[in-house]
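These are the residues of each chain, in order.
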Amino acid sequence: MGDGIIIVGGGHGGSQVAASLREAGYDGPLALVSAEREVPYQRPPLSKAFLKDPVHDLLPLRPASFYEKHAVDLRLGAEAVAIDRVGRRLTLKDGTTLPFDRLALATGSRPRLPPIERIGLDGVLGLREAEDARRLRTALHAATDVVVVGGGFIGLEIAATARLLGKTVTVLEAADRLMGRVVAPDISRYFLDRHRAWGSDIRLGTPVGGILGDTGRATAVTTAAGERIPADLVVVGIGVLPNVELGIAAGLAAENGLLVDDFMTTSAPEIVAIGDCVAFHQVARGRRIRLESVQNAVDQAKTAAHTLLGRGAPYREVPWFWSDQGDLKLQMVGLPFGATRNVVRGDPADGAFSVFHYAEERLVAVDSVNRAGDHMVGRRLLAAGLSPAPEGVSDPLVDLKSLLPKPARA
Ligand code: FAD
């Protein structure tokens, strides 16, 4: 490997590819090229602790010294704009070209914007990167009336924080339930009740119509039905688009994400791709999916690093995810779609319960609210492909851990 490996994207996935390559003993040239100016940092706190607390700083994924110590040529503020597959060179926005043997694309995703007028007014913000979070934090602390467009994870995390800060909060969700793309209906209902109890005005089935402004600043949001809601801060959180353009321009196959095989190899054998920007084949669901989570990016990075070194094993991880909203920690493992039966453990009235989702007899997902122990057992059950009897799961006297496989005797 004369020219070595270049990783494009310094987020959760990109940083992990670099670490896993060095851990696995790769000692050739290695560059990590990131459009952001910050040393790779943890993204989830941006909509949680970072937003609430003005002195909360970015949390680096690894200390800056890590990249130096492990001879990773970390190039910050460096956007890759073209891949020359024939000449094996990557071009950066400033015109620099870097040679490579193999490439890893970890370009993540960016917020989707609703097709409405005046989205560019001051006081209308999205959230993806550190810069967005700094801007949003300042605006949120100064705001009085906050309208959140989108009742997904990020919108609801921001709404909960805004209520804690005493703001008037309205959430507009076009669908008929919250977090509908990912969680089961009973979890959506529970969170709806809790957000309403915290004082947010949550409107389901209410698409945004437009934004009104005065002298360049947002002053209100209108619903599609024409209602006007005052707002001095509008936060848009209606999902993301995968950053696939660089790969597509280089001829890589894509369809709601760069297409990769079980080893994270794209349609070009010298290029792997991971994380938010890829659509991969999930064996458990028998179809291609694209996931947006830290677990997905980090675990795919480990698979991709081994593929780059020619020692790949197929990607088979069970997906898991979390979201912190107010005093609720929601942890999900598996995917609940196709479930035919739900079994509840614990009591929602106590603010701590789990929903075990079964497709016929097979356990397919576990959603836990303030029950981290259930989540951890759920991860082990799903990873082992085990489906405990629903009667045991719902019985508070049964220790969940007793449903796990017994360790083999030495
Ligand atoms: P990213 O971490 O987004 O990194 C991609 C990087 O590539 C970015 O730095 C981008 O600037 C860079 N880039 C893009 N194009 C180029 C280019 N052409 N050249 C150079 N660099 C480029 N997940 C959870 O599991 N739990 C949570 O609680 C959670 N909370 C979240 C809160 C927020 C506010 C956000 C935005 C996301 C959250 N997520 C959460 C999702 C999670 O952060 C992402 O799924 C994860 O970061 C994906 O990792 P990635 O490496 O694919 O992409």
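None of these values were measured; they are calculated from a predicted model. (Residues numbered from 1 in each chain as written. Predicted model: local features only at pLDDT ≥ 70, side-chain atom pairs only at ≥ 80, totals over all residues. Heavy atoms only, no water.)

Observations regarding the site of the ligand
What counts, and what does not: A single heavy atom is enough: if one lies within 4 Å of a molecule or strand, its residue is considered near that molecule or strand. Polar contacts, as used here, are pairs of N or O atoms within 3.5 Å; protein pairs need one atom able to donate a hydrogen and one able to accept it. Residues neighboring in sequence count only if both atoms are side-chain atoms. Only the protein chains shown count as cover for residues, with accessible areas throughout obtained via the Shrake-Rupley method and a probe of 1.4 Å.
Taken together, 32 residues are adjacent to the ligand, and G13, E36, K48, R128 and D276 come closest. Within the backbone of G13, a nitrogen or oxygen atom sits 2.7 Å from an oxygen atom of the ligand. In the environment of the ligand, an oxygen atom lies 3.0 Å from a nitrogen or oxygen atom belonging to the side chain of R43. For the ligand, whose unbound accessible area comes to 990 Å², protein coverage reaches 95%.

Some thoughts on the sheet that holds strand β2 (residues 30-34)
Defined as follows: Pairing between strands is defined by DSSP: at least two bridges between them are needed. Working definition: helices are DSSP H or I runs of at least four residues, strands are E runs of at least two. Numbering for both runs from the N terminus. Axes here mean lines fitted to C-alpha atoms, for a helix over just the part in contact, with angles spanning 0 to 180 degrees between N-to-C directions. Residues count as neighbours in contact if any of their non-hydrogen atoms are within 4.5 Å of one another.
Taken in spatial order, the 5 strands line up as β3-β2-β1-β7-β19 in an open sheet, and their pairing is parallel. With partners counted over all chains shown, the strands left at the sheet margins are β3 (73-76) and β19 (271-273), one partner each. Neighbouring strand axes in the sheet, compared pairwise and without regard to direction, differ in orientation by 15 degrees on average. Pairing geometry for strand β1 (residues 5-8) and strand β7 (residues 102-105), over 4 bridges, is parallel. In the sheet register, V8 faces β7, and the bridge partner there is L105. Packed on one face of the sheet, helix α1 (residues 12-23) meets β1, β2 and β7 and runs near 170 degrees to β2.

Some words on the pairing of strand β26 (residues 362-369)
Spelled out, the test is: Residue exposure (1.4 Å probe, protein chains only): buried if accessible area is under 20% of the type maximum, exposed if over 50%, otherwise partly exposed.
Most of β26 is tucked away: 7 of the 8 residues are buried. Where strand β25 (residues 352-359) and β26 come together, 7 bridges link them in antiparallel fashion. Considered in β26, the bridge of F353 is made with V369. The antiparallel pairing of β25 with β26 creates a hairpin that spans 2 residues between the two strands, and E360 there sits at a positive phi of about 55 degrees.

Here we look at the sheet that holds strand β16 (residues 233-236)
The strand order across the open sheet built from 5 strands is β9-β16-β10-β11-β12, with neighbouring strands paired in parallel fashion. Of all the strands in the sheet, just β9 (124-125) and β12 (201-203) have a single pairing partner and so form its edges. In this sheet, β16 lies alongside strand β10 (residues 145-149) in parallel orientation, the contact comprising 4 bridges. Following the sheet pairing, V148 is matched in β16 by V235. With respect to the sheet, helix α4 (residues 130-142) is in contact with β9, β10 and β16, its orientation differing from that of β16 by roughly 140 degrees.

Re the nonpolar core
Threshold: We define the nonpolar core as a collection of buried residues of types Ala, Val, Leu, Ile, Met, Phe, Trp, Tyr and Cys that are connected through side-chain atoms lying within 4.5 Å of one another.
One finds I6, L21, I83, L90 and L105 to be the most contacted residues of the largest nonpolar core, which totals 51 residues. In this structure L21 touches I5, Y26, L30, A305, L308 and L309, once residues within four positions along its chain are discounted. A143, L156, V169 and V369 belong to the second-largest nonpolar core, a separate cluster that totals 37 residues.

A look at the pairing of strand β20 (residues 278-282)
Most of β20 is tucked away, with 4 of its 5 residues classed as buried. Inspection of the sheet shows strand β18 (residues 258-259) paired to β20 by 2 bridges, in the parallel sense. Along β20, the bridge assignment pairs L259 with A279. One ladder, built from 3 bridges, connects β20 with strand β21 (residues 287-289); its direction is antiparallel. Along β21, the bridge assignment pairs H281 with R288.

Notes on the environment of A254
Looking at the element boundaries, A254 is found in the loop between α7 (245-249) and β18. Once the C-alpha coordinates of A254 and V278 are considered, the two residues, 24 residues apart in sequence, prove to be 8.2 Å apart. For A254, the contacting residues outside a window of four places in its chain are I248 and L259.

Description of the side chain of K167
Rules: A positive count includes Lys and Arg, and a negative count includes Asp and Glu. His and the chain ends are not counted in either. Note on definitions: salt bridges are taken to be side-chain nitrogens of Lys or Arg within 4 Å of carboxyl oxygens of Asp or Glu.
By the secondary structure assignment, K167 is in the loop between α5 (153-164) and β11 (168-172). Buried charge K167 goes without a salt bridge, the closest partner of opposite sign being D232 at 7.8 Å. In this structure the side chain of K167 is engaged in a polar contact, spanning 3.4 Å, whose partner is the backbone oxygen of L140. In contact with K167, not counting residues within four places along its chain, are L140, H141, A142, A143, T144, V146 and A162.

What about helix α8 (residues 294-308)?
Counted only if it meets this: Here a helix's expected span is defined as the number of its residues, less one, multiplied by 1.5 Å.
Helix length check: α8 (15 residues) gives 21 Å between terminal C-alpha atoms against 21 Å at 1.5 Å per residue, within 8%. Extensive coverage of α8 is indicated by the burial of 13 of its 15 residues. G310, located one to two residues past α8, shows a positive phi value of around 75 degrees.

Here we look at α5
Taking 1.5 Å of rise per residue, the 12 residues of α5 would be expected to cover 16 Å, and the 17 Å separating its terminal C-alpha atoms lies within 8% of that figure. With 9 of 12 residues buried, α5 is to be regarded as a mostly interior element. G166 occupies a position one or two residues after α5 and carries a positive phi of about 85 degrees.

Observations concerning the packing of aromatic side chains
What counts here: The pairing test for Phe, Tyr and Trp rings, Trp by its six-membered ring, is centres within 6.5 Å, and the orientation test on the planes gives stacked under 30 degrees, edge-to-face over 60, and tilted for anything in between. The rule for a charge over a ring is simple: NZ of Lys or CZ of Arg within 6 Å of the ring centre, and within 35 degrees of the ring normal.
Enumeration according to the criterion identifies 6 aromatic pairs in this entry. For the ring pair F153 and F321, a centre distance of 4.7 Å and an interplane angle of 45 degrees mean the geometry is tilted. Note that F153 is positioned in helix α5 and F321 in strand β22 (residues 320-325), a separation of 168 residues in sequence. Residue F153 is classed as buried on the basis of its relative accessible area, which comes to 14%. Taken together, the aromatic side chains of Y190, F191 and F353 make up a single cluster linked through ring pairs. The ring of F50 has R137 lying over it, and the distance from NZ or CZ to the ring centre is 3.9 Å.

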